[in-house]
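Report on the structure
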Amino acid sequence: MRRKITRTIHVRGLAVGGGAPVSVQSMTNTRTQDVPATLAQIRRLETAGCQIVRLAVPNLEAARALPEIRRGTDMPLVADIHFDYKLALAALEAGFDKIRINPGNIGSPERVRLVADACRERGVPIRIGVNSGSVEKELLQKYGLTAQALCESALGHAKLLEDCGFEDICISAKASDPAVTVEANRLLSERCDYPLHLGVTEAGTKERGILKSAAGIGSLLLDGIGDTIRVSLTDAPEEEVRAGVELLRALGLRRGVQFISCPTCGRTEFDLIGTARAVEARLRDKPWDLTVAVMGCVVNGPGEASHADYGIAGGKREGVLFRHGEPIRRVPADRLADALVELMESENPV
Ligand code: SF4
């Protein structure tokens, strides 16, 4: 896949853009001032594969907690600020690594310059984040709630920072409609070379949200557009991260085990669904760049999955363990998952 090469920004040493691997982000949903709960959630996100964590900083009480949160983790942290430039300055003072703020929302060119200068001094980038709810009235009147409006809005905010000589910028343009999200980011990609943070906003609960996000984010990534992603779900933030990581794996943009399993049919004579789930759960976090197949019958399975590095194909009482379509040995059907994992662990130490 050819990726568009954007500028590079650094978020606590993590490169975003410029061809760096696409990173996965999420956002805490604890009260930021509840430091133990926030740090515990950050640790869970990190374990799930998150690389950048955003925290809401809605008021001074939340801002006062930022130094302690900063001391409690090495994760790249982003402060999400809506209107109050003083909260952005407090987050910078606390050692946060990126500020998400829309300069057009903070009141005056002087305030924009203050924030831009403070970010520049510390080498901290700014993310401009527009979505369907934040587009300015004039743009809505001119374009309606369209991709064009999102793109113009984002570039308008960027211009305010550029006027201060600040270009350490990342942009996101999100709509809850994947098609609008895709179009807005294609436009942005044509019109600027800032790194783009992708996401479908308000995508919904887990199942539908993942589908909408995969359609929107996946389309853009396949076009080579996008440098960092968030799968927004009405669910635990860890689920967002797992979905983001799996999406990158599915597109070959992140290392890890690729799974193939057949859709089942009338030839299936064992618990294929349970076996496939068990194999997936046990191999999900392994760092191997391997393809694994779980197939429903011995007659067709190994051949259909001959491109897999390892595989199992089940039958009524027993199945086969195979490598690149070639049988290795027969195994009782209820031992297939164990035998596959044991073989892989013995041949691919972590
Ligand atoms: Fe059916 Fe066998 Fe193909 Fe699975 S591998 S879909 S069970 S023919």
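Residues numbered from 1 in each chain as written. Predicted model: local features only at pLDDT ≥ 70, side-chain atom pairs only at ≥ 80, totals over all residues. Heavy atoms only, no water.

A few words on the overall build of the protein chain. The helix and strand inventory of the protein chain stands at twelve helices and 15 strands. Principal-axis analysis of the C-alpha atoms gives the protein chain an extent of 75 × 45 × 30 Å. When contacts within the protein chain are restricted to residue pairs at least 6 apart in sequence, those whose partners lie at least 24 apart make up 63%. For the protein chain, the computed accessible surface area is about 15700 Å², with 49% contributed by carbon and sulfur atoms. Positive and negative side-chain charges of the protein chain, numbering 45 and 46 respectively, have mean locations separated by a distance of 1 Å. (Helix = DSSP H or I, 4+ residues; strand = E, 2+ residues; numbered from the N terminus. Contact = heavy atoms within 4.5 Å. Areas by Shrake-Rupley, 256 points an atom, 1.4 Å probe, with all protein chains shown as cover. Lys, Arg positive; Asp, Glu negative; His and termini not counted. Charge placed at Lys NZ, Arg CZ, Asp CG, Glu CD.)

Another point: empty space enclosed by the protein. If you walk through the whole model with that rule in mind, you get one cavity of 30 Å³ or more. Of the volumes computed, that of the largest cavity is approximately 40 Å³. In this structure, the largest cavity is lined by K4, T6, S189, C192, D193, Y194, L196, I225, G226 and D227. For the lining of the largest cavity, a count of residues per class yields four nonpolar, three polar and three charged. (1 Å grid on protein atoms, 1.4 Å probe; cavity = no way out; pocket = protein on both sides within 12 Å on 5 of 7 lines; lining within 4 Å. Points joined across faces, edges and corners; volume = space filled by probe spheres on them. Nonpolar A, V, L, I, M, F, W, Y, C, P; charged D, E, K, R; others polar.)

Turning our attention to the side chain of R54. Of note, R54 is situated in strand β4 (residues 52-56). Judged by its relative accessible area of 7%, R54 is buried. If we skip the residues at most four places from it in the chain, R54 touches S26, M27, T28, V78, D80, R100, R127, K174 and R230. (Buried < 20%, exposed > 50% of the residue type's maximum accessible area, 1.4 Å probe, protein only.)

The next subject is the site of the ligand. Neighbouring residues of the ligand: C262, P263, C265, R267, T268, G296, C297, N300, G301 and E304. In terms of residue class, the shell around the ligand is made up of four nonpolar, four polar and two charged. (Near = heavy atom within 4 Å.)

For the rest of this paragraph, the subject is the packing of helix α6 (residues 147-162) against helix α7 (residues 178-191). Viewed as axis vectors pointing N to C, α6 and α7 meet at an angle of 45 degrees, and their least axial separation amounts to 8 Å. As the angle between them shows, α6 and α7 are arranged oblique. The handedness of the crossing between α6 and α7 is right-handed. Two secondary-structure elements touch here, α6 through A147, Q148, L150, C151, E152, A154 and L155 and α7 through V180, E183, A184, L187, L188 and R191. (Axes fitted to C-alpha atoms, helices over the stretch in contact; angles between N-to-C directions. Parallel < 35°, antiparallel > 145°, perpendicular 65-115°, else oblique. Left-handed = near helix turned anticlockwise from the far one by under 90°.)

The terminal C-alpha atoms of helix α10 (residues 272-283) lie 16 Å apart, and with twelve residues this matches the ideal 16 Å at 1.5 Å per residue to within 8%. Among all positions in α10, only L272, T275, A276, V279 and L283 are buried. Taken end-on, α10 shows its buried residues confined to a sector of 100 degrees, consistent with a single buried face. Tucked inside the fold, the buried residues of α10 contact β11 (258-261), β12 (291-295), β13 (310-313) and α12 (336-347). (Expected span 1.5 Å × (residues − 1). Arc of directions from axis to C-beta.)

What follows covers the pairing of β12. As a general feature of sheets, a regular strand has side chains that alternate between the two faces. Of all five residues in β12, five are buried, a share of seventy percent or more. The two faces of β12 match: T291, A293 and M295 on one face and V292 and V294 on the other face are all buried. The sheet contact formed by β11 and β12 spans four bridges and is parallel. Considered in β12, the bridge of Q258 is made with T291. Where the polypeptide runs from β11 across α10 and back to β12, its parallel neighbour, the crossover connection is left-handed. Judged from the four bridges that link them, β12 and β13 form a sheet pairing that is parallel. Opposite A293, over in β13, you have G311 as the bridge partner. (Pairing = 2+ DSSP bridges. Right-handed = clockwise from strand over helix to strand, strands pointing away.)

This brings us to the sheet that holds β13. Hydrogen bonds along the backbone pair up the strands of a sheet, which may run parallel or antiparallel. Strands sit in the order β11-β12-β13-β14-β15 across an open sheet of five strands; the sheet is mixed. Each edge of the open sheet carries a strand with a single partner, namely β11 and β15 (326-332). Each strand axis lies, on average, 20 degrees off the axis of its neighbour in the sheet, ignoring direction. Across the sheet, α10 lies against β11, β12 and β13, angled at about 160 degrees from β12, the strand it touches most.

Next up on the list: the nonpolar core. I69, F96, I99, I171 and I229 are the most contacted members of the largest nonpolar core, which totals 77 residues. For this core, the element with the highest residue contribution is α6, accounting for eight residues. The residues touching I171, leaving out its near neighbours within four places in the chain, are I128, A154, L155, A158, L188, C192, Y194, P195, L196 and H197. In terms of nonpolar packing, the next biggest core, distinct from the first, is built from 30 residues, A276, V294, I312 and A333 among them. (Core = buried A, V, L, I, M, F, W, Y, C linked by side-chain atoms within 4.5 Å.)

What follows covers the environment of A175. Among the structural elements, A175 can be located in the loop between β8 (169-174) and α7. Judged by relative accessible area, which is 4%, A175 ranks as buried. As a C-alpha pair, A175 and Q41 span 134 residues in sequence and 26 Å in three-dimensional space. Among all residues touching A175, those that are not within four sequence positions of it are S132, L150, V180, T181, V200 and T201.

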